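Commentary on secondary and tertiary structure
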Amino acid sequence: MAGNSKLTARDIMSGGVQCIGAHQSLQEAARMMRELNVGALPICGDNNRLTGLVTDRDVVVRCCAEGIDPATVQAGSLSGELRWIDASAPADEALHLMEEHQIKRLPVIDVEHGHQLVGMITEANLAKNLSDDQIAEFVSKVYANA
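Computed from a predicted model, the values in this text were never measured in an experiment. (Residues numbered from 1 in each chain as written. Predicted model: local features only at pLDDT ≥ 70, side-chain atom pairs only at ≥ 80, totals over all residues. Heavy atoms only, no water.)

Here we look at the sheet that holds strand β3 (residues 50–55)
Basically, it comes down to this: Here a strand pair is declared whenever DSSP counts at least two bridges between the two strands. Runs of H or I in DSSP of at least four residues are treated as helices and runs of E of at least two as strands, each being numbered from the N terminus. Every residue pair with non-hydrogen atoms within 4.5 Å of one another is taken to be in contact. Orientation is described by lines fitted to C-alpha atoms, with helices fitted over the stretch in contact, and by angles between N-to-C directions that extend from 0 to 180 degrees.
Taken together, the 3 strands give an open sheet; going across it, the order is β1-β2-β3, and neighbouring strands pair in mixed fashion. What marks the edges here is a single partner per strand, and that holds for β1 (20–21) and β3. Pairing geometry for β1 and strand β2 (residues 40–44), over 2 bridges, is parallel. Note on β2: the bridge partner recorded for Gly-21 is Cys-44. Sheet strands in contact with helix α2 (residues 26–36) are β1, β2 and β3, and its direction is about 130 degrees off that of β2.

Some thoughts on the packing of helix α4 (residues 91–100) against helix α6 (residues 132–142)
Filter applied, for reference: Geometric relationships in this document are graded by angle, where less than 35 degrees denotes roughly parallel, more than 145 denotes roughly antiparallel, 65 to 115 denotes roughly perpendicular, and other angles denote oblique. Amino acids are sorted into nonpolar (Ala, Val, Leu, Ile, Met, Phe, Trp, Tyr, Cys and Pro), charged (Asp, Glu, Lys and Arg) and polar (every other residue, Gly among them).
Between α4 and α6, the shortest axis-to-axis distance is 9 Å and the interhelical angle comes to 30 degrees. Here α4 lies roughly parallel to α6, going by the angle between them. Contacts between α4 and α6 involve Asp-92, Leu-95, Met-98 and Glu-99 on the former and, on the latter, Gln-134, Glu-137, Phe-138, Lys-141 and Val-142. Each residue belonging to the contact of α4 with α6 can be placed in one class, and the counts come to 4 nonpolar, 1 polar and 4 charged.

Side note on the layout of surface pockets
Applied cut-off: Cavity: a set of points on a 1 Å grid over the protein atoms alone where a 1.4 Å probe fits but cannot get out. Pocket: an open set with protein on both sides within 12 Å along at least five of seven lines, its lining residues, like those of a cavity, having an atom within 4 Å of a point. Grid points are joined across faces, edges and corners, and a volume is the space filled by probe spheres set on the points.
Reported here for the largest pocket is a volume of approximately 690 Å³. In terms of lining, the largest pocket is formed by 20 residues, of which the most central are Leu-53, Thr-55, Asp-58, Gln-102 and Ile-103. Among the elements of the structure, β3, α3 (56–62) and β5 (105–110) are those that each provide at least two residues to the lining of the largest pocket. Here the residues of the lining of the largest pocket sort into 7 nonpolar, 6 polar and 7 charged. Residue lining of the second largest pocket: 15 residues in total, with Ser-14, Val-17, Val-38, Ala-40 and Met-120 positioned closest to the centre. Here the residues of the lining of the second largest pocket are counted per class, giving 7 nonpolar, 7 polar and 1 charged.

Re α2
Here is the rule we go by: To sort residues, take the accessible area from a 1.4 Å probe on protein chains only and compare it with the maximum for the residue type: under 20% means buried, over 50% means exposed, and anything in between is partly exposed. Each C-beta atom gives one direction from the helix axis, and the arc is the one those directions make. For this analysis, a polar contact is any N or O atom pair within 3.5 Å, provided that within protein one partner can donate a hydrogen and the other can accept it, and provided that sequence-adjacent residues contribute only side-chain to side-chain pairs.
Residues of α2 that are buried: Leu-26, Ala-29, Met-32 and Met-33. Take α2 and look down its axis: the buried residues cluster within an arc of 110 degrees, on one side only. Within α2, the exposed residues directed more than 90 degrees away from the buried face are Arg-34 and Glu-35. N-capping of α2 is provided by Ser-25, with a side-chain oxygen placed 3.3 Å from the backbone N of Gln-27.

Structural notes on the state of the cysteines
What counts here: Count a disulfide wherever a pair of cysteine sulfur atoms falls within 2.5 Å.
Scanning all chains against the criterion turns up 1 disulfide. The disulfide partner of Cys-19 is Cys-44, and the S-S distance across this bridge is 2.2 Å. Here Cys-19 is found in the loop between α1 (9–12) and β1, whereas its partner Cys-44 is found in strand β2, with 25 residues between them in sequence. Judged by its relative accessible area of 26%, Cys-19 falls in the partly exposed class. Of the residues examined, Cys-44 reaches a relative accessible area of 4% and is grouped as buried. No disulfide involves Cys-63; its nearest neighbouring cysteine sulfur is the one of Cys-64, lying 4.9 Å away.

Written out as structure tokens, the structure is:
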């Protein structure tokens, strides 16, 4: 990444990520997203472990557009296939995962210290750490079928 192959996922992530509880409603998730000015929240189960990710698009498309009251839907019900990366993994691996699976947000887990969520890698994080060529390649892969 931008000539520095020693960067790790922890080096490029945004820390201070807040979870929505699996039993909390999508309405609560939407409020949290507004307050935190983010478009996605990690979903954490009762054991405080990452179980999924809910996006603002999920709330709109999978709930509101279907005429379902977001106050009646638990965030955990949207937990689907989850991709994440170890905090100590090379940053290039994060880029590869995001490109391969066409995802725009990647949770970062500290496997060595209790498997805890420590951050999130977003497109903005990549933009700060990638060369122009890498950014162009990322955009072409992630948005290819968008």
